[in-house]
Amino acid sequence: MNPVVGYEPGTGPLHRAPAGAKLLALFAFAVVVVLLGSPLWLGALCVLVALGYVVARIPARRSLRQLRAVVVLVVVVFAVQWWLLDLTTAGVVSVRIAAALGAANLFTCTTRIEDLVSTVERAAGPLRRFGARPERIGLLAGLTLQAVAALSGIAGEVREAARARGAERSPTAFVVPFLVRTLRHADELGEALAARGEGD
């Protein structure tokens, strides 16, 4: 499993908290991040997320890898926003992304996929009377988290392979293998779903 994405075993308060409560808190946090426009308050939210990693006792090595991945994305977004708009907007958007990604990863670090699936299925139970299938909605939620972890893992492995060949600066050395392996993963996932009768 890629160390940047996925469940990190632990016994802290965030690990013991119900998956439903954490999911609602994540949604509320995302809404606040979108509504806030002050870099100062958004920075405070980033500090709050960082404290969450400390409380959850996420290993420092994993936290640093997560930080490095977020920083790369934020720098790219900041540069594009500054070029297209202005410095203030670029700063606000970048800090929003950092806070949101940090909180989302903290959720996946402290929540088992099976707990999330069970929570989503229970929440979607009332929709059964309208023809929805809660178990399929729960499966979708679980597959979403697993897909993020899988793609992140593929990206890390491809990047390491390119670095070993001395081609870490070549976009082609990353993009082509990444696309090939991603499509192969999608085919394998489709076959697994079809075997379960979920292919439609």
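Residues numbered from 1 in each chain as written. Predicted model: local features only at pLDDT ≥ 70, side-chain atom pairs only at ≥ 80, totals over all residues. Heavy atoms only, no water.

Novice: Honestly, the overall build of the protein chain in this entry has me stumped. Any pointers?
Specialist: Across its full length, the protein chain holds 8 helices and 0 strands. For the protein chain, the N- to C-terminal ordering of α and β elements is α-α-α-α-α-α-α-α. Per-residue burial over the protein chain gives 32% buried out of 200 residues. Total accessible area on the protein chain is roughly 12,500 Å²; 68% of this is exposed by carbon and sulfur atoms. (Helix = DSSP H or I, 4+ residues; strand = E, 2+ residues; numbered from the N terminus. Buried < 20%, exposed > 50% of the residue type's maximum accessible area, 1.4 Å probe, protein only. Areas by Shrake-Rupley, 256 points an atom, 1.4 Å probe, with all protein chains shown as cover.)

Novice: Help me understand the nonpolar core in this model?
Specialist: In summary, soluble globular proteins display a tendency toward joint burial of nonpolar side chains. One finds Phe29, Val33 and Ile58 to be the most contacted residues of the largest nonpolar core, which totals 19 residues. Elements with a contribution of two residues or more to this core: α2 (19-35), α3 (39-56), α5 (87-110) and α6 (113-123). Of the residues forming this core, the biggest block, 6 residues, is contributed by α5. Among all residues touching isoleucine 58, those that are not within four sequence positions of it are Glu8, His15, Tyr53, Ser63, Leu106 and Cys109. (Core = buried A, V, L, I, M, F, W, Y, C linked by side-chain atoms within 4.5 Å. Contact = heavy atoms within 4.5 Å.)

Novice: Quick question: what am I supposed to make of the packing of α2 against α5 here?
Specialist: Helices that pack against each other are described as a pair by the angle of their axes relative to one another and the distance between those axes. At a minimum axis separation of 10 Å, α2 and α5 run at an interaxial angle of 175 degrees. Comparing the axis directions of α2 and α5 gives the class roughly antiparallel. Here Ala19, Lys22, Leu23, Leu26, Phe29, Val33, Val34 and Leu35 of α2 lie close against α5, whose contacting residues are Arg96, Ala99, Ala100, Ala103, Ala104, Phe107 and Thr110. In terms of residue class, the contact of α2 with α5 is made up of 12 nonpolar, 1 polar and 2 charged. (Axes fitted to C-alpha atoms, helices over the stretch in contact; angles between N-to-C directions. Parallel < 35°, antiparallel > 145°, perpendicular 65-115°, else oblique. Nonpolar A, V, L, I, M, F, W, Y, C, P; charged D, E, K, R; others polar.)

Novice: Could you clarify how one ought to interpret a nonpolar patch on the surface in this entry?
Specialist: A contiguous nonpolar surface patch, about 660 Å² in accessible area, is contributed by Val72, Val76, Val80, Trp83, Leu84 and Leu85. Mapping valine 80 onto the fold places it in helix α4 (residues 60-84). (Patch = residues over 30% accessible without salt bridge, like charges linked within 9 Å, V, L, I, M, F, W, Y side chains within 5 Å. Salt bridge = Lys/Arg side-chain N within 4 Å of Asp/Glu carboxyl O.)

Novice: Can you help me understand the side chain of threonine 119 in this one?
Specialist: Mapping threonine 119 onto the fold places it in helix α6. Classification of threonine 119 by relative accessible area gives buried; the value is 11%.

Novice: Can you help me understand the side chain of lysine 22 in this one?
Specialist: Turning to its location among the elements, lysine 22 is positioned in helix α2. Buried charge without a partner: lysine 22 forms no salt bridge, and the closest opposite charge is aspartate 115, 6.7 Å away. For lysine 22, the residues in contact, after removing those within four places along its chain, are Leu14, His15, Ala17, Phe107, Thr110 and Thr111. (Lys, Arg positive; Asp, Glu negative; His and termini not counted.)

Novice: What should I look at first to understand the packing of aromatic side chains in this one?
Specialist: Each aromatic ring pair is described using two quantities: the centre-to-centre distance and the angle formed by the ring planes. With the rule as written, the count across this model stands at 1 aromatic pair. When the ring of phenylalanine 78 is compared with that of tryptophan 82, the centres are 5.6 Å apart and the planes differ by 55 degrees; the resulting orientation is tilted. With a gap of 4 residues between them, phenylalanine 78 and tryptophan 82 both fall in helix α4, about one helical turn apart. (Phe/Tyr/Trp six-rings, centres within 6.5 Å; stacked < 30°, edge-to-face > 60°.)

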